[in-house]
Amino acid sequence: MPDQPPRAPGRAWFAGVELAGVTDVIDVCDQPERLREPGWWVVVGEFDGRVRAWRFDEATSAPEPAPHEPVTGTWRSSLDHDAYVRAVEDVRGRILEGDVYQANICRVMSVDVPQEPDARALAHVLARGNPAPYAGGVQVDGAWVVCASPELYLRIDGDVVTSAPIKGTAPTRAGLTAKDRAENVMITDLVRNDLQHVCEPGTVEVTTLLGIEEHPGLAHLVSTVQGRLVGASDDDLWARLLDATYPPGSVSGAPKSSALRIIGELEPVERGPYCGAFGWVHVDDDGRTRAELAVAIRTFWWADGVLRFGTGAGITWGSDAEAEWAETQLKAARLVGLASGTTDPVTD
Ligand SMILES: C=C(O[C@@H]1C=C(C(=O)O)C=C[C@H]1O)C(=O)O
């Protein structure tokens, strides 16, 4: 019998499909050509670090998960109320000086969970209590992520690339303001510019501007940008895509390079997979690629005995610091409540 390829335990799941049996792990920036090899890949990109992909050799329908063990410890925040409010005022000062015109400022919540939790069990609770279009998870050696993201970073279907930045958040659609619309337009323009670097000239268009989407407990403004890729089957596709668009504009700010510098100065801890990319890539035997990567917001990750969850908001000149803090609370409350067992997935 021929030798079987080495196969490690681990699994991932998206939209009812479960992937099992890791055969390869790659650093996408070092080996972008590997992500053109046929099969199912799962991508986890850290906002401030590596973008890695795991290849799986088996796709099945997801089995019923074990029950989720509610998290019992006390959640901490990398920026407390006062520190977050100071950071918002700091960004407004830099906007006044002309350094930047939007920066997304985030905080990381964390709680001690010494034993590695069952990611699939948490994902199941979130799927019931907070269904999300880009929900998924992965639990492999080197990555533990459960994502309930409403935001599309990149969809690839052959040579068509789509991104749908979210900017503008309120408890209900009636609460969305002119400030939210301005915030969204800035980032939509940035994403358009990012995609122009990898698309045929003249093909990038905004197919929806300022659409409204409702998710459990909040409403978002969502725009959609689409273009036709140059060299969609070339080996360097992912190198060019990441170079042009990573990290995602909506969770960085504009101009992106200034926003990233400011984020590095104001946020005390790294974001890890939060605000990075998370999703799947499928390459057919004939090389056609389909992929769906979320902006990894509304995302939990576990490492070294600590479960983390990130929450943040886009800061512009029109920001009110207390309202931005409240927005970060709103985005976290339901999901952290579900993980902690204080929000009932069925009735709340
Ligand atoms: C950073 C987050 O959200 C980002 C900021 C948003 C906003 O300011 O309205 C909306 C979606 C995200 O792009 C988060 O949810 O943690």
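What counts, and at which threshold
- Position labels on residues start from 1 in each chain and follow its written sequence.
- For a predicted model such as this one, the threshold for reporting local features is a pLDDT of at least 70, and the threshold for listing and counting side-chain atom pairs is 80 or more; totals across whole chains, interfaces and linings nevertheless cover every residue.
- Where side-chain values are given, they derive from all heavy atoms of the structure, hydrogens and water being excluded.
- Only buried residues count toward a nonpolar core, which is a set of Ala, Val, Leu, Ile, Met, Phe, Trp, Tyr and Cys residues joined through side-chain atoms within 4.5 Å.
- Working definition: with a 1.4 Å probe on protein chains only, accessible area under 20% of the residue-type maximum means buried, over 50% means exposed, and in between means partly exposed.
- Secondary structure follows DSSP: runs of H or I at least 4 residues long count as helices, runs of E at least 2 residues long count as strands, and numbering of each begins at the N terminus.
- Here, two residues are considered to be in contact whenever any of their heavy atoms come within 4.5 Å of each other.
- When the sulfur atoms of two cysteines come within 2.5 Å, that pair is taken as a disulfide.
- Distance and chemistry together define a polar contact, namely a pair of N or O atoms within 3.5 Å, with one atom able to donate a hydrogen and the other to accept it when in protein, and with adjacent residues in sequence counting only for side-chain atoms on both sides.
- UniProt positions are given in the numbering used here, feature names are shortened, and annotations may be inferred rather than shown by experiment.
- Using a 1 Å grid laid over the protein atoms alone, points where a 1.4 Å probe fits but cannot get out form a cavity; open sets with protein on both sides within 12 Å along at least 5 of 7 lines form a pocket; any residue with an atom within 4 Å of a point counts as lining.
- Grid points are joined across faces, edges and corners, and a volume is the space filled by probe spheres set on the points.
- Ten residues, namely Ala, Val, Leu, Ile, Met, Phe, Trp, Tyr, Cys and Pro, are considered nonpolar, four, namely Asp, Glu, Lys and Arg, are considered charged, and the remaining ones, Gly among them, are considered polar.
- A strand pair is defined by DSSP finding two or more bridges across the two strands.
- Only the six-membered ring of Trp is used, alongside the rings of Phe and Tyr, when aromatic pairs are assigned; centres must lie within 6.5 Å, and planes under 30 degrees apart are stacked while those over 60 apart are edge-to-face, with the rest tilted.
- Criterion for a charge above a ring: Arg CZ or Lys NZ at most 6 Å from the ring centre, at most 35 degrees from the ring normal.
- For a helix, the expected span equals 1.5 Å multiplied by the number of residues minus one.
- To be clear, the arc concerns the directions from the helix axis to the C-beta atoms.

- Under the annotation held in an unreviewed UniProt entry, the chain carries the name Anthranilate synthase component I family protein and is attributed to Cellulomonas rhizosphaerae.

### Details of the nonpolar core
Then, number 1: With 83 residues, the main nonpolar core has I105, V138 and W238 as its most contacted residues.
Then, number 2: When residues in this core are grouped by element, the largest group, 7 residues, is from helix α1 (residues 81–96).
Then, number 3: Sequence-distant contacts of W238, that is, excluding residues within four places in its chain, are made with V28, P32, L35, L154, I156, V281, T289, A291 and L293.
Then, number 4: Core analysis: the next-biggest nonpolar cluster, separate from the first, contains 24 residues, A119, V125, V146 and A339 among them.

### Thoughts on the state of the cysteines
Then, number 1: What the rule picks out here adds up to 0 disulfides.
Then, number 2: Not engaged in a disulfide, the cysteine C106 finds its nearest cysteine sulfur in C275; these two sulfurs lie 4.0 Å apart.
Then, number 3: Residue classification places C106 among the buried positions, given a relative accessible area of 2%.

### Overview of the environment of D157
Then, number 1: By the secondary structure assignment, D157 is in strand β9 (residues 152–157).
Then, number 2: For the pair D157 and A232, spaced 75 residues apart in the sequence, the C-alpha separation amounts to 9.4 Å.
Then, number 3: Polar contacts involving the side chain of D157 include one to the side chain of R288, which spans 2.8 Å.

### Looking at the UniProt feature "domain: Chorismate-utilising enzyme C-terminal" (unreviewed entry) in the chain
Then, number 1: When the UniProt feature table is mapped onto this chain, "domain: Chorismate-utilising enzyme C-terminal" (unreviewed entry) is found at residues 81–331.
Then, number 2: Between the first and last C-alpha atoms of residues 81–331 the distance is 15 Å; the span itself is 31% helix and 37% strand.

### Examining empty space enclosed by the protein
Then, number 1: Inspection of the entire model under this criterion finds 2 cavities of 30 Å³ or more.
Then, number 2: Its boundaries defined by the atoms lining it, the largest cavity holds a volume of some 160 Å³.
Then, number 3: Contributing to the lining of the largest cavity are 21 residues, with N104, I297, R298, G312 and K331 lying nearest its centre.
Then, number 4: Going through the elements one at a time, β6 (102–112), β11 (166–170), β18 (306–315) and α6 (321–340) are the ones with two or more residues in the lining of the largest cavity.
Then, number 5: At 5 residues, the largest contribution of residues to the lining of the largest cavity is made by β18.
Then, number 6: Its residues placed into classes, the lining of the largest cavity shows 6 nonpolar, 9 polar and 6 charged.
Then, number 7: The space that makes up the second largest cavity amounts to roughly 90 Å³.
Then, number 8: Taken together, 15 residues form the lining of the second largest cavity, with Y153, S163, V191, P248 and G249 sitting closest to its centre.

### As for the pairing of β9
Then, number 1: As paired strands, β9 and strand β10 (residues 160–164) are joined by 4 bridges and run antiparallel to one another. Each bridged residue has a counterpart across the sheet, and for I156 the counterpart in β10 is V161.
Then, number 2: Where β9 lies against strand β16 (residues 289–295), 5 bridges are found, and the strand directions are antiparallel. Along β16, the bridge assignment pairs I156 with A291.

### Regarding the packing of aromatic side chains
Then, number 1: In total, this model carries 7 aromatic pairs according to the counting rule given.
Then, number 2: Here F300 and F309 contribute two aromatic rings whose centre-to-centre distance is 4.8 Å and whose plane-to-plane angle is 50°, an arrangement assigned as tilted. As far as the burial class goes, F300 and F309 line up, both buried.
Then, number 3: Grouped by ring-pair contacts, the aromatic residues W75, F300 and F309 constitute a single cluster.
Then, number 4: Just above the ring of W317 sits the side chain of R92; from NZ or CZ to the centre is 4.1 Å.
Then, number 5: The ring of F47 has R271 lying over it, and the distance from NZ or CZ to the ring centre is 4.2 Å.

### Re helix α3 (residues 178–196)
Then, number 1: Across its 19 residues, α3 extends 27 Å between first and last C-alpha, which sits within 8% of the 27 Å expected from 1.5 Å per residue.
Then, number 2: Turning to α3, its buried residues number three or more, namely D180, E183, N184, I187, T188, L190, V191, D194 and L195. Taken end-on, α3 shows its buried residues confined to a sector of 165°, consistent with a single buried face.

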